[in-house]
Each structure stands twice: as structure tokens, then as C-alpha cells.
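What follows is each chain in one-letter form.
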Amino acid sequence: MATINENYNKLGAGYLFPEIARRTRAFIEANPDAEVMKLGIGDTTEPLAPSVIKGLHKKIKELSEVETYSGYGDEQGDAGLREAIAKQYSKRGVSLDTKDIFISDGAKTDSANIQSIFDLENIVAVQDPSYPVYVDSNVIAGRTGSFNKDRGQYNGIVYMPCTEDNEFFPELPERKVDLIYICSPNNPTGAVATKDQLKRFVDYACENKSVIIFDAAYSAFISDPQLPRSIYEVDGAKECSIEINSFSKYAGFTGVRLGWTVVPQELVAENAEPGKINSLWNRRQCTFFNGASNIAQAGGLAALTEEGQKECQKLVDYYMENARIIKEGIESLGIKAFGGENAPYIWMKTPNGMKSWDFFDKLLNEAHVVGTPGAGFGPSGEGFFRLSAFGHREDIEKAVDSIKRNLKL
Ligand SMILES: *Cc1c(COP(=O)(O)O)cnc(C)c1O
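Residues numbered from 1 in each chain as written. Predicted model: local features only at pLDDT ≥ 70, side-chain atom pairs only at ≥ 80, totals over all residues. Heavy atoms only, no water.

Participant: Help me get a handle on the overall build of the chain, residues and values and all.
Facilitator: In terms of helices and strands, the chain carries twelve helices and 15 strands. Against the globule reference of 22 Å for 409 residues, the chain gives a C-alpha radius of gyration of 21 Å, in line with a compact fold. Each principal axis of the C-alpha distribution contributes one length, and for the chain these read about 60 × 55 × 50 Å. For the chain, the residues scored as buried account for 53% of the 409 residues in total. Considering only contacts in the chain between residues 6 or more positions apart, those separated by 24 or more positions represent 73%. Element-wise, carbon and sulfur atoms account for 50% of the exposed surface of the chain, whose accessible area totals about 18500 Å². Averaged over its 45 positive side-chain charges, the chain has a centre that lies 1 Å from the centre of its 57 negative ones. (Helix = DSSP H or I, 4+ residues; strand = E, 2+ residues; numbered from the N terminus. Rg over C-alpha atoms; globule rule 2.2 N^0.38 Å. Buried < 20%, exposed > 50% of the residue type's maximum accessible area, 1.4 Å probe, protein only. Contact = heavy atoms within 4.5 Å. Areas by Shrake-Rupley, 256 points an atom, 1.4 Å probe, with all protein chains shown as cover. Lys, Arg positive; Asp, Glu negative; His and termini not counted. Charge placed at Lys NZ, Arg CZ, Asp CG, Glu CD.)

Participant: Before we move on, can you summarise the pattern of salt bridges with the specific residues and values?
Facilitator: Scanning the model with the defined rule gives 18 salt bridges in all. Across the salt bridge formed by Glu-65 and Lys-61, the nearest N and O atoms sit 3.1 Å from each other. Residue classification places Lys-61 among the exposed positions, given a relative accessible area of 52%. Taking the shortest distance from any N to any O, the salt bridge between Lys-238 and Glu-266 comes out at 3.7 Å. Here Lys-238, found in the loop between strand 8 (211-215) and strand 9 (241-246), pairs with Glu-266, found in the loop between strand 10 (259-262) and helix 8 (276-288); they are 28 residues apart in sequence, far enough to count as distant. (Salt bridge = Lys/Arg side-chain N within 4 Å of Asp/Glu carboxyl O.)

Participant: Which residues make up helix 3 (residues 79-91), and what values do they have?
Facilitator: It helps to recall that an α-helix has 3.6 residues per turn; residues three or four apart then point in one direction. Along its 13 residues, helix 3 runs 19 Å from first to last C-alpha, staying within 8% of the 18 Å computed at 1.5 Å per residue. The set of residues buried in helix 3 consists of Leu-81, Arg-82, Ala-84, Ile-85, Ala-86 and Tyr-89. Check the buried side of helix 3 and you find it contacts strand 2 (101-104), strand 9, strand 10 and helix 9 (294-303). The N-cap residue of helix 3 is Asp-78: its side-chain oxygen and the backbone nitrogen of Gly-80 are 3.3 Å apart. Residue Gly-93 follows helix 3 closely and has a positive phi angle near 80°. (Expected span 1.5 Å × (residues − 1). Polar contact = N/O pair within 3.5 Å; in protein donor to acceptor, adjacent residues only side chain to side chain.)

Participant: Could you give me a rundown of the packing of aromatic side chains, with the residues and numbers involved?
Facilitator: Enumeration according to the criterion identifies 20 aromatic pairs in this entry. Ring geometry for Phe-169 versus Phe-201: centroids 5.5 Å apart, planes at 85°, classification edge-to-face. Of the two residues, Phe-169 sits in the loop between strand 6 (157-161) and strand 7 (179-183) while Phe-201 sits in helix 6 (residues 195-208), which places them 32 residues apart along the sequence. Each member of the pair Phe-169 and Phe-201 is classed as buried. Of the aromatic side chains, those joined through ring pairs into one cluster are Tyr-218, Phe-221, Tyr-318, Tyr-319, Tyr-345 and Phe-390. Of note, Arg-393 hangs over the ring of Tyr-318, and the distance from its end group to the ring centre comes to 4.4 Å. (Phe/Tyr/Trp six-rings, centres within 6.5 Å; stacked < 30°, edge-to-face > 60°. Lys NZ or Arg CZ within 6 Å of the ring centre and 35° of its normal.)

Participant: Explain the domain arrangement of the chain to me, and be specific about the residues and the numbers.
Facilitator: Under the domain assignment used here, the chain contains domain 1 (10-47 + 308-406) and domain 2 (52-306). Contact residues are listed per partner, giving 35 residues for domain 1 and 46 residues for domain 2. Together domain 1 and domain 2 conceal approximately 3200 Å² of surface at their shared face, both sides included; 57% is due to carbon and sulfur atoms. Taken as a group, Lys-10, Gln-309 and Asn-342 account for 22% of the area that domain 1 buries against domain 2, more than any other trio of residues on that side. Taken together, domain 1 and domain 2 are joined by two salt bridges. (Domains from an automatic or database assignment. Buried area = accessible area lost by both parts, 1.4 Å probe.)

Participant: For the environment of Ser-219, give the residues involved together with the corresponding values.
Facilitator: Checked against the element boundaries, Ser-219 lands in the loop between strand 8 and strand 9. Accessibility expressed as a relative area gives 12% for Ser-219, which makes it buried. Residues Ser-219 and Asp-235, 16 residues apart in the sequence, show an inter-C-alpha distance of 18 Å. Ignoring sequence-local partners within four residues, the contact set of Ser-219 consists of Pro-185, Arg-229 and Asn-245.

Participant: Tell me about the nonpolar core, residues and numbers included.
Facilitator: Within the largest apolar cluster, 92 residues are counted, with the highest numbers of intra-cluster contacts made by Ile-85, Ile-180, Ile-212, Phe-247 and Ile-326. Looking at which element gives the most residues to this core, the answer is helix 10 (residues 306-332), with eight residues. Excluding residues within four positions of it along the chain, Ile-326 makes contact with Leu-39, Ile-346, Leu-387, Ser-388, Ala-389, Ile-396 and Val-400. Counting residues in hydrophobic clusters, the runner-up holds 26 residues, among them Val-139, Tyr-154, Ile-213 and Ile-244. (Core = buried A, V, L, I, M, F, W, Y, C linked by side-chain atoms within 4.5 Å.)

Participant: Quick one: what's the story with the packing of helix 2 (residues 50-63) against helix 9, residue by residue and with numbers?
Facilitator: Helix packing geometry: the angle between the two helix axes and the distance between the axes. At a minimum axis separation of 8 Å, helix 2 and helix 9 run at an interaxial angle of 145°. Judged by the twist between their axes, the crossing of helix 2 over helix 9 is right-handed. Between helix 2 and helix 9, the contacting residues are Ser-51, Val-52, Gly-55, Leu-56, Lys-59, Ile-60 and Leu-63 on the first element and Asn-294, Ile-295, Ala-298, Gly-299, Ala-302 and Ala-303 on the second. Across the contact of helix 2 with helix 9, the residue classes break down as eight nonpolar, four polar and one charged. (Axes fitted to C-alpha atoms, helices over the stretch in contact; angles between N-to-C directions. Left-handed = near helix turned anticlockwise from the far one by under 90°. Nonpolar A, V, L, I, M, F, W, Y, C, P; charged D, E, K, R; others polar.)

Participant: Please give an account of the sheet that holds strand 3 (residues 124-128) that cites residues and values.
Facilitator: The sheet built from seven strands is open, its strands ordered 2-10-9-8-7-3-6 with mixed pairing. The sheet terminates laterally at strand 2 and strand 6, the two strands that pair on one side only. Each strand axis lies, on average, 20° off the axis of its neighbour in the sheet, ignoring direction. Summarising the sheet, strand 9 and strand 10 pair through four bridges and their orientation is antiparallel. Following the sheet pairing, Glu-243 is matched in strand 10 by Val-262. (Pairing = 2+ DSSP bridges.)

Here it is in C-alpha cells:
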């Protein structure tokens, strides 16, 4: 008699994006002539950089000939790519052993799977609001109780509010926690943690033998040289932090699929000496994963050449100009907006204290623009709304123009 993993039944019925799609479809059906514009997507829209295309073609050619064909690679990833990634870190003064770096098929998979090497008794803390994967993966694993509808939270998870008052970076948790998820630059708030802010968490984690899981998927969008692009820029972080990153947003690999995770050999936990957690993740990957696509890895390597980096930076700059246009447009209406300076997301305060789903409907009905309600990312997202800078320039300009002309404030 087979039985299912009942933890799945605890998950909220409506994942955020299906509900957005449902409301958008309903609007289009009722208003077939309206042109709906999207500022809601967290997906890249511009073509791959020329160097990347060249790298991909080269690999395809190799695969097409018997002398250069290759099959399975190392589960940990191509050695050259791991070295190229280590070299990027060294530019920021962070020295990593290539053995600390594991190539993946993207940051989402790793951020969902990383919890599996930790005991179910660990108490999980997340930023509120946050990228839904951290919470949902721990719900499925059985590390939480049921969903509390009144509080909008799962029992057993520690939510660390990120609010206007704390500049969208949390205070240290009041109770002792074991696994701490931090995302910087943050999706959805667009806030970037300073070194001092991260240092407080690193010190806490070292003192309490907690582990920080640091999602740096948007690190390439940081232009302020003072802001850390990696948690390892903070002293002591190697002993207490795992870092997850991706080529998705930096190089437009959302469809190509490539990322990496750093599990330093220095990392420790209550019952884990240095090297142990690194070996656990290695074991996990060798068992459940057969390596990222060799084609994707060739593309990633090309994205990290000097020329590739320059071209990818241009893509990042393009999206950041979109961000500037959106933020300026929103602020010109007297609406308060955060983020959008070192991150491709603008976190706007809903006008007149509206609920974020009510504002979703208002924006769609009046301006025909789709965004993302902040409440969908956690209870502290209520009263906020996420606008995404991913999109073609002319679509972004059209959407902002429509908001300026049609939104009734
Ligand atoms: C987009 C995104 C990722 C990247 O996921 P991939 O699986 O690499 O495409 C990771 N974390 C956050 C917070 C994101 O927004």
C-alpha cells in the first residue's frame, strides 16, 4: 500500500504566479481589446551574449564529431568552469578551493535541495518576504507544521520581518535558529545587505553553530563597490555559510540552465567537523544528480571570459536602465519605491495603504499593467508591490507611461 508524502497537503493552494495568471486571464476575457503589459516577470528577455553563443556552438561542434565527443562529466562540474568561478571570487578577495564549488543546473534546484543534508529538527529562519522556494522546500521535507491562515505563516518556521523600518534587512532572530536563508540582492524587495548587516548574521551563526544559506542570484546587479557580492567577503563566513548563485540573471540563462553552489570545506555544524558538510553535499549530488549539461557549462565558461563578462554586463546594464525608468516613473506619481538600484526589482509601497492584491486588481483594471503583489512573498510583503525590470525597453516604457496616465490616485 503506497501512501503519499502528506507534507505536500500543507502547501498553500494557490502558488503566487498561477493566481496572477488566473486574474490576468479573467481580465483579458472581460476586456478583449485591452493591451495588457507586464511588469511582473522575473525572467530575462534579451538574447544571449555573442561570446556565449560562440561557446555554445563550439561545444555542439565537439559533440558532433567522434574525436571530440564527450558524455557524462564530473557530477561536481567541469574543472575549468569551477576554476573560472573561483577566479571571479578571488577578484573580490575571496579565495575558494575548486573543491568548494559545485556546478548545478540552476539556483532554484540547489536552494530547494540544500536543506536535505540537514536534520529535520533544525529550526529554519527566512526573511519575510522571500523567494517562496526556501519555505516550500522545508514544508515538503517535513520541517514545519501546518499553514496558519491568520498569520499567513507556517507553524515552526521563524519569519524575520523585512520592513521599511529596518530598511528591508532583518534583525537577528529572538529565538535560536539553525538554518538561516538570506537573499541579497533581494527578490522581491530589491534591498542589498551591507557588509555590516551580513556580519551580524555571520557572527550569530558562528556563535550558535547555525548555517546561513545565502542566495546571491542577483550579485551581478550590484554596481555600488561598497556592497558585498558574496557573503564570503565577510570575515568568518566560510565557517558558517553556503552560497548559491546562478547564470540565469547574469547571463540570461533562465532557459539554458546553469548555476553553482559553494559549500566551503571550512563549514561546520554542531555535529560536523570541517569538510563534513562539503562531503555530504558531494555525496548528495553524486547520488541524485549527474552533472549540468555540458553544453550549458560551455556557455557558462564563455560568459566568464573577459569578453563574455563585458557583454553580460551590458545585458545587466540594460535591465538596470529599465529599473531606473520604472522607479523614476513611480516616484513621479508621489509613490514611495525602494530597491531598483543594485537589483532588478522595484518594491513599491501601495498607495493609500491598499492591500497588495487590491492594488494588483486596480493596476490591471486602470493601467492594464500586471505586477506582483507583495503579500505573495510573505506576510510582511502586505502593502507592497513588486515591479520587475526584466523586459524589452519599449514594453517597459509603455507600461510606465500607462501607469502615469491611467492610474487613479
Ligand atoms: C531567479 C532566481 C534564482 C535563479 O534560479 P535559477 O534556477 O538559477 O534560474 C534564484 N534565486 C532567486 C531569489 C531568484 O529570483
